[in-house]
Amino acid sequence: MIDLSAGAVIEIEGLQKSFRSWFRRGETCAVRDVSLRVERGSVVAFVGPNGAGKTTTIYALLGLLRPDRGFVRLFGEAAGSIGARRRTGFQSEIFYTYGFKTAERVLAFYGELSEMSPDRIAKAVPRQLSRLGLSQTEGRKVHGFSKGMMQRLGLAQALLHDPELLILDEPTTGLDPEGRKLVADIIREEKERGVTVFLSSHILSDVERTCDHVVILRQGSVVLSESMDKLKRDSDEWEIEILTWTYAARESAGALIPEGGDGSGVRCTSADKDEVLLRLLQAGARIGAVRRRHTLEDLYMQHAGGSSSG
Amino acid sequence: MARSLVQVRAIAVTAFQETLRRKVFYLVAILAIFIIAMVSSGRVLLQMATEAGEMDTAASVRSGMVQNILEIWQFAAIVLALFLGAVGVSSEITAKTIVNVLSRPVGRAVYLGGRWVGVVTFLWLFQLIGILVALVVARIFDVRFVSTLWLGFAKMLVDTVLLSGVSLGLSVFMPPVVAGAGAFLLQMTPGLVKDYLQHPFGVVRILALALYYLSPASMPSNLIQESFTTQLLHPNSSLYSQVLFENLLYSAAVFIAACAIFARREPRLR
């Protein structure tokens, strides 16, 4: 069982990483002064637009890239150390593997690299294949797999050795809604087991469904790091969905109807909510739903929006 | 230690399977078979010589056929060794399969060792096929050879270890094409600089001497060719063994240096 005593699983302090182009003699700063701490057992989302530096940070966590400045520690050890990698499971954005192997052989191969015993591999491989809905692929070469199946296999290999830390880089890319739900369920199951999950994604609905903490990265820098609870608490805006408008209701709502929207609802603050609802009902409007506004998307657009490249 | 060996084996098996699926292997093998088939047209000459009662000529044609098989096959093995060594790591970087391997508790030396073992095993099997065919042909045509042929076979195997090791080692810090060419040049260096060892200019002499000792040892004679003649130019087996041993050590030294460099390098994954 995983030790759930307090302590940071991931510690990043002042991470900076640039890439030099030898011929062009140019330099691209992929990550600048990133600091963050991921506590044991938490599920942290690392979001940001393409080129924001998410994958670079993940590669630094795995020791595949060395920081130009700052330090990265996993379980108190230097990132990339054998000890740290032993306790980590990683799924890359696109799972690149050996197409000539079958799914079972692919998993057995990664199991051997993860220092698993043959007995443990023999038990874990069918278990993970079944968990990820890949049992029916028995004996099939991986090169014939669809993108979604490859993603599932990528997650299976990350989970194979029961790691204490899961680093998932865009795990739902290429998955259908069923697959996305499966990934979310697995993340929840792993969290219940005490596993720390570091999830890079820009599918915000997935992040909202599964994460405790969100870190927004833009152009290589952390622009927001906040717990999901706090974000939800701080959200002061409500959305009232109107099924049927009346002339009086529309008059009453007035400026509360957001400009540029589809006109199917009104927005108001917590303080005004009761009064607005009462006015709308009195004016004959039929209310569909009352909910807090989709804050993560707004926050994302506020902090990371408008930067198409990093 | 045992865990590392399991990892080396897993990586080696994968490298072997990968190599077996490389088009270049089939291209080189088919080309080698084609050239051997062309050279085997010497059978007509053999028949003519036998019918004319020219027994010496017939014997020389027969041994020439076996030599040709061995030399052509060895040339193919050398081309493959240079190529497979040079792309051993870079192909994994290009395919990005290296990410999922190095994110596991796998040491860089274990990874590099596994790739090398896989490539060398493949090359040795490839060479053994050629050797086996040559021995069968020698048996069929009753070709006589001396015991140094076995040392010649050992040299063939050591050469592929050396060339694949050097090109793999160089490929961790230079592009694969340059690594392959560099490994080939390095093996040719003793022959290229030999004439400059007695050069009147001291600087040239020192440079030639340095290059001579920095490059792998060269065999003083063609063991395959001379195994089919009655008289050896350098009938000193211990010297041949020493050259083979030195080249194995050279391969090991290059591998250790490559591991040290690879451990400090970032794979170019972007």
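Refer to the preceding data block for the structure.
In this text, all values refer to a predicted model and were calculated from it rather than measured experimentally.

Draft legend 1. Just the overall build of chain B, in detail. Secondary structure summary: chain B contains eleven helices and zero strands in total. The secondary structure elements of chain B, listed N-terminal to C-terminal, are α-α-α-α-α-α-α-α-α-α-α. Judged by the C-alpha coordinates and their principal axes, chain B covers about 70 × 50 × 30 Å. Of all 270 residues assigned to chain B, the portion counted as buried reaches 49%. Taking the contacts inside chain B whose residues are at least 6 apart along the sequence as the reference set, 79% of them involve residues at least 24 apart. Taken as a whole, chain B presents about 13,800 Å² of accessible surface, with 69% of it coming from carbon and sulfur.

Draft legend 2. Molecular detail of the packing of aromatic side chains. Tallied over the entire structure, the rule returns 16 aromatic pairs over all chains. Judged by centre distance (5.6 Å) and plane angle (65 degrees), the rings of B:F16 and B:F122 are edge-to-face. One end of the pair, B:F16, is in helix α1 (residues 2-20); the other, B:F122, is in helix α6 (residues 108-140), and 106 residues separate them in sequence. Ring centres of B:F145 and B:W150 lie 6.3 Å apart, and the angle between their planes is 75 degrees; this geometry places the pair in the edge-to-face category. Cluster of aromatic residues (ring-pair linked, three or more members): B:F16, B:F25, B:Y26, B:W73, B:F122 and B:F126. Across the ring face of A:W245, the terminal group of A:R250 is positioned such that the distance to the ring centre comes to 4.6 Å. We note A:K273 situated over the ring of A:W238; from NZ or CZ to the ring centre the distance is 4.0 Å.

Draft legend 3. Broad picture of the pairing of strand β1 (residues 8-21) of chain A. Residues and elements named next belong to chain A. Judged by how many residues are buried, β1 sits mostly within the fold: ten of 14 residues are covered. Here β1 runs beside strand β2 (residues 26-39); their pairing, made up of ten bridges, is antiparallel. Note that in β2 the partner of E11 across the bridge is R37. Examined bridge by bridge, β1 and strand β4 (residues 69-74) share five bridges and lie antiparallel to one another. Residue pairing across strands places I10 opposite L74, the latter belonging to β4.

Draft legend 4. Looking closely at the sheet that holds strand β7 (residues 165-169) of chain A. Residue and element names in this part refer to chain A. One open sheet holds the six strands; their spatial order is β6-β7-β8-β3-β9-β10, and the pairing between them is mixed. At either end of the open sheet lies a strand with only one pairing partner, and these are β6 (88-91) and β10 (221-227). Across the sheet, the mean angle separating the axes of adjacent strands is 15 degrees when strand polarity is ignored. For β7 and strand β8 (residues 196-200), the ladder comprises five bridges, and the chain directions are parallel. Across the sheet, residue L165 finds its bridge partner in β8, namely T196.

Calculation rules
Residues numbered from 1 in each chain as written. Chains lettered and ligands numbered in written order. Predicted model: local features only at pLDDT ≥ 70, side-chain atom pairs only at ≥ 80, totals over all residues. Heavy atoms only, no water. Helix = DSSP H or I, 4+ residues; strand = E, 2+ residues; numbered from the N terminus. Buried < 20%, exposed > 50% of the residue type's maximum accessible area, 1.4 Å probe, protein only. Contact = heavy atoms within 4.5 Å. Areas by Shrake-Rupley, 256 points an atom, 1.4 Å probe, with all protein chains shown as cover. Phe/Tyr/Trp six-rings, centres within 6.5 Å; stacked < 30°, edge-to-face > 60°. Lys NZ or Arg CZ within 6 Å of the ring centre and 35° of its normal. Pairing = 2+ DSSP bridges. Axes fitted to C-alpha atoms, helices over the stretch in contact; angles between N-to-C directions.

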